[in-house]
Structures are given as structure tokens and as C-alpha cells.
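One letter stands for each residue in the lines below.
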Amino acid sequence: MKETRSTCPYCGVGCGVIIQSEGDRITGVRGDPAHPANFGRLCTKGSTLHLTAAPEVTRQVRLLHPMRRERRGAAPQRVSWDAALDFAAESFHQIVFEHGPDAVGFYISGQLLTEDYYVFNKLAKGLLATNNIDTNSRLCMSSAVAGYKMTLGADAPPTCYDDVDHADCIFIVGSNAAYAHPVLFRRVEEAKARRPQAKIIVCDPRRTDTAELADLYLPILPGTDVMLFHGLLHIMLWEGWTRPDYIAAHTSGFDALKALVRECTPELVAQTCGLAREDLFTAARWFATSPATLSLYCQGLNQSTSGTAKNAALINLHLATAQIGRPGAGPFSLTGQPNAMGGREVGGLANLLSAHRDLADPAHRAEIAAFWGVPSVPELPGKTAVEMFQAAADGEIKALWIACTNPAQSMPDQKTVRRALERAELVVVQEAFATTATCDYADLLLPASTWGEKEGTVTNSERRISRVRAAVTAPGEARHDWAIAVDFARRLEGRRNGPSLFPYETPEAIWLEHRESTRGRDLDITGLDYTGLEQAPQQWPFPQSASTGRARLYEDGVFPTPDGRARFAAVGYRPPAEPRESRYPFALLTGRLRDQWHGMSRTGTLGRLFGHVPEPAVQMHPQDLERLRLAEGDLVHVTSKRGSLVLPVQASSEIGLSQAFIAMHWGAEFLTGLSSTGEPLAGVNAITTSAYCPTSKQPELKHAAVKILKAELP
Ligand code: SF4
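Note that the coordinates shown come from a computational prediction; the quantities given were computed from them, not determined experimentally. (Residues numbered from 1 in each chain as written. Predicted model: local features only at pLDDT ≥ 70, side-chain atom pairs only at ≥ 80, totals over all residues.)

Draft legend 1. Representation of the overall build of the chain in the model. Tallying secondary structure elements over the chain gives 26 helices and 28 strands in all. Against the compact-globule benchmark of 27 Å for 714 residues, the chain has a radius of gyration of 24 Å, which places it among compact chains. For the chain, the spread of C-alpha atoms along the principal axes amounts to about 70 × 70 × 55 Å. Scored against the burial criterion, the 714 residues of the chain give a buried share of 60%. (Helix = DSSP H or I, 4+ residues; strand = E, 2+ residues; numbered from the N terminus. Rg over C-alpha atoms; globule rule 2.2 N^0.38 Å. Buried ≥ 20, exposed ≤ 12 C-beta atoms within 10 Å, placed from the backbone.)

What follows is the structure, given as C-alpha cells:
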């Protein structure tokens, strides 16, 4: 038996795993006791990884050969890699020739490795001269990126997992960490057990399992977080709990924020947020006066039309109370996907460039063009996720290359997304799994390797880079994502003079180029190499002069802004894009289940992971069921302005009045037969809204207005 150290491919905790294998069969997995993200622990998803990679499962769900559809709706036929990539290159070349480079777009994934991400980004922006490359991480953390940059000056979580052990107050807001980041949450539970005097505040419209640990639970009305944070600052100012010395020495812009929050009285905030006035005072006191306060937050803040404002308003509280730059203190955004952070590092989003450079900055564009050896990087901003599919639906984008993600299930407002996939002249889907809904729209299917088969790196929520390693070879003709992109790129650059921009033969060669791009930047990793990372995953920055990564940032009170000061953000409160109203009187919330991951392409292959929640349902408050004369298990139509689903209803006291909850994971394959409109089913995203935050462009997946009516049985 062989043992290979690698990293879990599911969530942003980034747990180290040891893969056990015999020949080309993965036989077991255990937590890596030496990995600082988990010290040997795994959650139910991580500890069953090997079962999702068994050959009998693989044979059923994996794409094993390149396949091409001669026409939409036809069965795909097996083709050779050469034929597939020649066809893709010729089609892209033709579309770019006829319509310009912005007629193509790449939609990639936070589950790709950093090396994959780097190649795709260079391919789009450097070779094809389009910034139309975005990622499903746009749906997961772009508001956190924008919030950090707006206030602290750089996209860098200033905290680390160790801070959980040092915090005297942990403010968990917009995060069901017990389900979404289980190993980290276990650490919070243990810290609380060791130090019962430490305070846990949980703020969430749903009384989740995470809330069960809370000393103070704030059942906030959906979407009102900015008002809450401003109200807490109002109380802190009134009570003298802020830190004027820190504000004067290390920040700017406080007067404008102070004037803004003057209106946010406890009475107004209590009414707007649906919270008790005395709970606001308790939360403000614990946050401000505890020796060290740590905030943990995730999609509840990010997936919102006010996503950036929510992030910035929370960071305001840390700056106003000097709860930053010390052990146990600071804002800590949790990333949903295993490599959402790595994608940010290489600039794999429509508005970013390598090593945290900004596409909007002419100097940054010039630096990267020179680094890549291309004449220029285009100035025109690329289309972000929602914009890209809207542009394809409008006929503006004619070729879509989709890698390692399933937008036909995971994007909001599925009607538009599916119209985009139907209208595009060419849809290339690079995927490990043949079972995703997006595969049905592909003209070309390219089989990719996946966890246990790939080599590279990922970065977790605490800026820690870990190695991902192959224990077995990929099945069939599946190839690594970076290698597919490189092979395609070389075909496109066939007529170009000079050496290839893509000379890589190994993922390490790509990583070394990425490493060089970080020299002198805030995330400088020039002191790292693959060998060292295999021994010990490290946090960035890690410049050449360093002997270890930096656990915490801004301990000296100096921030990466032009004047070295953090910036308070005087952001106004706006309600969700689609408030409840008389025709759509329920607020629909979405979220994760404990044992499932994204669209279930991996976790859905394992029966035991359905033991916790065996089937889809819409959860509602028992009083709402009674008011609508519904009984548990009744089928109901859940209808928004965009579509309708039929689901069994379930009573849950976790859910607030006039709210409803549907888990994000269930796709059409689990809902077959439950359609209410004749439209193809796409799980909850048939009814979510694509309205997005104007700054981060992250869509409001967490809130839509719906009506719920009993379905008549035939
Ligand atoms: Fe994997 Fe996340 Fe579970 Fe760790 S907590 S084992 S990274 S899913």
C-alpha cells in the first residue's frame, strides 16, 4: 500500500489528507496529523473521499474520452484528443477572427488548482487578448475580496485558524460553519469548551447547528446586516467602547462613517433587523470590550447585492475597536471552495491580474504584459459570471469554455443561463464528471483528471498553500486541466512568431512562473518551493528572506494603502434586491447541507452521504405551515418571478416566520417528476435571482421573494 499526502478537494478549510492506494485504486483516506489546517481531523465528506473515487463509481460517473456532438441534442461521439483540440482551436480562431476576442469567454472554477488557474488566465488575457474569464468563485467570495480592498487596501485575510484558540469573543455571521467548514467549527467548539468564558455570538436568519453553540444568537432578518453593523458601531460610540487612539493613528475616513451611523439608533436597528434592543447592546459590548474578537463570515454576507458593503461594514467594527492585528482578533472571511484563494492569487477573475494586480490599473497591465512577453493586456474589463452568461444569452459571446464547474445548476436565474448555453455557437465543457447538467449542452466534452489524480497547489482560507498530489493515474483518456489548456493554447498560437507562451511540461514549471510574478507583491511567495510545501504547507507572504509564512497581517498597524492607513467605509444600508411583497410573501434562503458538496457530482455518488438528509425539501416555520393549512410532506409550488419548483414541505423551527429554506445541492436528477412548469429543472437556482452587488458583481443567491402554494395532486 502506498500513502500520498495531499489536500481535501471540498471546502476552504483545506484539510490535509493522506491517500492510501494500491496500484491504481484509492483504498482509503485519513486526515494528515501534520497538516496545520486539521491536525488529522476530517469531516464526513473528507473521510469518505476514497469511496467516491472507487473504480466502480468512477466507471459510472466519469468522462473517460473526448466526445463531440455533431449537433445539439445528438448523442456525443468519441473522438481523439487531437481531433477534439483541433476542432476547439479552429472554432475559437474563426469566432475571434469574425467577431473579435471578446466574443469568447472562459468560465472556470475554485476547484481548479492554482496552476490550472494560472494557465487559463494567461491563455485568455495574454494570448487571446480578452478579459472574459471568470470563475464560480465569483459566486463565493468576490464580495470578501472587494470588502478587504475597500477597507484594508489588499485582498488578504489578516487572520489565521490559530486565532480561534486565542479569541475571547467569536462573532460568526452569515456562516453555518458547522456544516460548511466542519473541521474549523470543531476547533471553535473545542476552544469554547476549554475557555467557557469566551463569548460566541452567532448571527443568522436560520437557527442553524452553528447557532446551537452561541451564548448570544441574533436571528437577523435576511439582508439587513449592514444596518446591524452600523447599529453596533452607533452603540459602541455612545458607550465609549471604540478606540480613538487606534482610529487616529492607523485609519482614515472615520468622521464620515460616524456621521452615517448617527442615524442608526438601537430602536431603528432593532426594528429593521428584527432583533431585541438589549441583544444589540450585549453584542456591541462583547465585540468591542473583549480582549480579542474574531469575526468568522462567509456566504451570508458575500452572496448579496450589498455583499461588499456588508464585508466593509463588519471590518469597520474591527478597525473602530482595534480588534485587528493581534492574536485572536480580526475579520476572517471563510472561502467556500478549496482554491478560491489560489484563483485570486493568480488573478483568475475578470477584473484581476496575476499576484493581486488590478486590471483597471494601467501600470499593472503593463507589468503583466512585460512579464508574459505579450504586447499588452486589454483594458476593457471582462464579463463577470452573471454578465458572461447574459452576454452569451444575448448573442454577444459566441464561444464558452467551461472548466470544472456546472453553471447549468449552480448559477442563479437558470432560464437565462440555459438560454446562453443553447444560443452559444460553441460550448466546450472540460470536466471530470459526465453527469453534470452542463454536459448536456456541450458541443465538445473534454475529460479531466480530478482529486487523487492531480498535482499542484491550493490555498485555503488562512492563506496557507498546500500541495495537492496524485496517488493514482487518471482513468481512461482523462488529462490534467493545465495540460488541456496548454495543448489548446499551443494550437492557437501556431501562427505566432517566437517561443511559446506556454512552454510548461509540468505543473511545477507553471507554479514557478506564478511564484516569480509575486516578487515584491503583498503575497510574495518567492521563498517557497514545491519540495518545501510538501513537507510543510505555508501561509503567504513568504518572501525569499523569510523562514516561515506570516500567520497574521497588520500587526504593526500599517496597511497596504497609499498612506498606510486602513480606510473606514461609509457604506449605506440597502435592502435586498427583491424584498418580500404581497404577491411573493416569503423570503427564500439557500445554503448547504452537512454531508453534500455543491452540485453533488462527487458526494451524490455515495449513498451514506444521504443518511443525514435523504431528499430535497423546502423548510418552513411550523406556524407558516399551519397558516397555509399545509402538513409535513405536502407538495408545494415554490414560485419566484423567474420560475417554479415543486417540493415536499418540511416544518423546521430553524426557519424564521415568512422565510423558507432550500438547500443548494439538489439538481434536476433529484427533482425529476417534480416540475411544475415544464421547464427543465435546475434545483433551487430555477428561482433565485441574478441581481448582483454593483462592486463585487457577486449575485444575491441567498435571497429571493417567493410565494408558496399547495400543489394539487393529479
Ligand atoms: Fe474537507 Fe472541508 Fe471537511 Fe476539511 S472540513 S475534510 S477540507 S470538506
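Draft legend 2. Focus on helix α4 (residues 81-99). Between its first and last C-alpha atoms α4 spans 27 Å; for 19 residues at 1.5 Å apiece the expected length is 27 Å, and the two agree. The complete set of buried residues in α4 reads Ala84, Leu85, Ala88 and Phe92. Taken down its axis, α4 places every buried residue within 90 degrees of arc, on the same side. In α4, those exposed residues whose orientation departs by more than 90 degrees from the buried face are Asp82, Glu90, Phe97 and Glu98. Buried residues along α4 sit against β4 (67-68), β6 (104-108), β16 (399-403), β17 (426-431), β18 (444-447) and α22 (481-492). (Expected span 1.5 Å × (residues − 1). Arc of directions from axis to C-beta. Contact = placed C-beta atoms within 7 Å.)

Draft legend 3. Local environment of the pairing of strand β3 (residues 25-31). Across 6 bridges, the pairing between strand β2 (residues 16-22) and β3 is antiparallel. Counted as the bridge partner of Ile19 is Val29 from β3. Connecting β2 to the antiparallel partner β3 that follows it, the hairpin turn spans 2 residues, and Gly23 within it adopts a positive phi of roughly 60 degrees. (Pairing = 2+ DSSP bridges.)

Draft legend 4. Molecular detail of the site of the ligand. The immediate surroundings of the ligand are formed by 14 residues, with Cys8, Cys11, Cys15, Cys43 and Gly46 found nearest. For the shell around the ligand, the secondary structure elements donating two or more residues are α1 (44-47) and α9 (182-194). Of the residues belonging to the shell around the ligand, the class tally is 9 nonpolar, 4 polar and 1 charged. Here the shell around the ligand spans two domains, and each of domain 1 (2-61) and domain 3 (142-333) adds at least three residues to it. (Near = placed C-beta within 6 Å. Nonpolar A, V, L, I, M, F, W, Y, C, P; charged D, E, K, R; others polar. Domains from an automatic or database assignment.)

Draft legend 5. Just the sheet that holds strand β8 (residues 169-173), in detail. Ordered by their spatial adjacency, 5 strands build an open sheet running β10-β9-β8-β12-β13, and the pairing between neighbours is parallel. Where the open sheet ends on each side, the last strands, each with one partner, are β10 (216-218) and β13 (330-333). Adjacent strand axes in the sheet meet at a mean angle of 15 degrees when their direction is disregarded. Pairing of strand β12 (residues 293-297) with β13 involves 4 bridges; the strand directions are parallel. Looking at the pairing, Ser295 lines up with Pro331 of β13. Helix α14 (residues 277-289) rests against β8, β9 (199-203), β10 and β12 of the sheet, and its axis sits at about 120 degrees to β10. (Axes fitted to C-alpha atoms, helices over the stretch in contact; angles between N-to-C directions.)

Draft legend 6. Just the nonpolar core, in detail. Counting 187 residues, the largest nonpolar core has Phe120, Ile170, Ile201 and Leu232 as the members making the most contacts within it. Excluding anything up to four places from it in sequence, Ile170 contacts Val164, Val188, Ile200, Leu294 and Leu296. Core analysis: the next-biggest nonpolar cluster, separate from the first, contains 25 residues, Leu589, Leu625, Phe661 and Met664 among them. (Core = buried A, V, L, I, M, F, W, Y, C linked by C-beta atoms within 7 Å.)

Draft legend 7. Region of the structure containing the sheet that holds β16. The strand order across the open sheet formed by 7 strands is β5-β4-β18-β17-β16-β6-β7, and the pairing between neighbours is mixed. Edge strands, defined here as strands with exactly one partner in the open sheet, are β5 (77-78) and β7 (133-135). Pairing between β16 and β17: 5 bridges, direction parallel. Within the sheet, the bridge partner assigned to Trp401 lies in β17 and is Val428. Contacts from α4 reach β4, β6, β16, β17 and β18, with the element oriented near 130 degrees to β18. Docked against the sheet, helix α19 (residues 385-393) engages β6, β7 and β16, running at close to 140 degrees with respect to β6.

Draft legend 8. Main features of helix α21 (residues 414-423). Within the span of α21, buried status applies to Gln414, Val417, Arg418, Ala420 and Leu421. For α21, the arc enclosing every buried residue in end-on projection is 150 degrees, short of the 170-degree limit, so these residues lie on one face. The inward-facing, buried residues of α21 abut α19, α20 (407-410) and β17.

Draft legend 9. Summary view of the pairing of β2. Of the strand pairs in this sheet, strand β1 (residues 2-7) and β2 are connected by 6 bridges, and their pairing is antiparallel. Directly across from Thr4, in β2, lies its bridge partner Ile19.

Draft legend 10. Here's a closer look at the packing of helix α10 (residues 225-239) against helix α16 (residues 307-320). Axis separation between α10 and α16 bottoms out at 8 Å; the angle between their running directions is 15 degrees. Between α10 and α16, the angle falls in the class roughly parallel. The hand of the α10/α16 crossing is left-handed. On α16, the residues that touch Asp225, Val226, Phe229, His230, Leu232, Leu233 and Met236 of α10 are Ala309, Lys310, Ala313, Leu314, Asn316, Leu317 and Ala320. For the contact of α10 with α16, a count of residues per class yields 10 nonpolar, 2 polar and 2 charged. (Parallel < 35°, antiparallel > 145°, perpendicular 65-115°, else oblique. Left-handed = near helix turned anticlockwise from the far one by under 90°.)

Draft legend 11. The domain arrangement of the chain, seen in detail. Split by domain assignment, the chain resolves into domain 1 (2-61), domain 2 (67-140 + 339-539), domain 3 (142-333) and domain 4 (586-710). Averaged C-alpha coordinates put domain 3 and domain 4 at centres separated by 28 Å. Between domain 3 and domain 4, the residue contacts involve 23 residues of the former and 23 residues of the latter. Those elements that place two or more of their residues in the side of domain 3 that touches domain 4 are α6 (142-151), α8 (177-180), α15 (299-302) and α16. With 4 residues, α6 is the largest single contributor of residues to the side of domain 3 that touches domain 4. Residues of the side of domain 3 that touches domain 4, tallied by class, amount to 7 nonpolar, 14 polar and 2 charged.

Draft legend 12. Representation of unusual backbone geometry in the model. In this structure, Pro541 follows Trp540 across a cis peptide bond, with omega equal to 5 degrees. On the secondary structure map, Pro541 appears in the loop between β21 (538-539) and β22 (566-567). Phi angles above zero are rare outside glycine, and Ala322 is one such case at about 60 degrees. Tracing the backbone shows Ala322 in the loop between α16 and β13. At His356, a position not held by glycine, the phi torsion is positive, near 60 degrees. Mapped onto the elements of the fold, His356 is located in the loop between β14 (352-353) and β15 (357-358). Since 22 C-beta atoms lie within 10 Å of it, His356 is described here as buried.

Draft legend 13. A look at the environment of Glu505. Counting through the fold element by element, Glu505 comes out in the loop between α22 and α23 (507-517). Since 9 C-beta atoms lie within 10 Å of it, Glu505 is described here as exposed. Taking the C-alpha atoms as reference points, Glu505 and Gln323, separated by 182 residues in sequence, lie 46 Å from one another.

Draft legend 14. Region of interest: the confidence of the model for the chain. Averaged over every residue, the pLDDT of the chain is 96; the share at 70 or more is 97%. Interface confidence for the predicted complex, expressed as ipTM, amounts to 1.00; the pTM equals 0.96. (pLDDT = per-residue confidence, 0-100.)

Draft legend 15. Representation of the environment of Asp155 within the structure. Structurally, the position occupied by Asp155 is in the loop between α6 and α7 (163-166). Linking Asp155 and Lys383, residues 228 residues apart in sequence, is a C-alpha distance of 20 Å. If near-sequence neighbours (up to four positions away) are discounted, Asp155 is found in contact with Val145, Tyr148, Lys149, Arg344 and His356.

Draft legend 16. The environment of Val61, seen in detail. Within the element layout of this structure, Val61 appears in helix α3 (residues 55-61). With 375 residues separating them in the primary sequence, Val61 and Thr436 have C-alpha atoms 9.2 Å apart. Excluding its chain neighbours within four sequence positions, the residues that come into contact with Val61 are Phe433, Ala434, Thr435 and Thr605.

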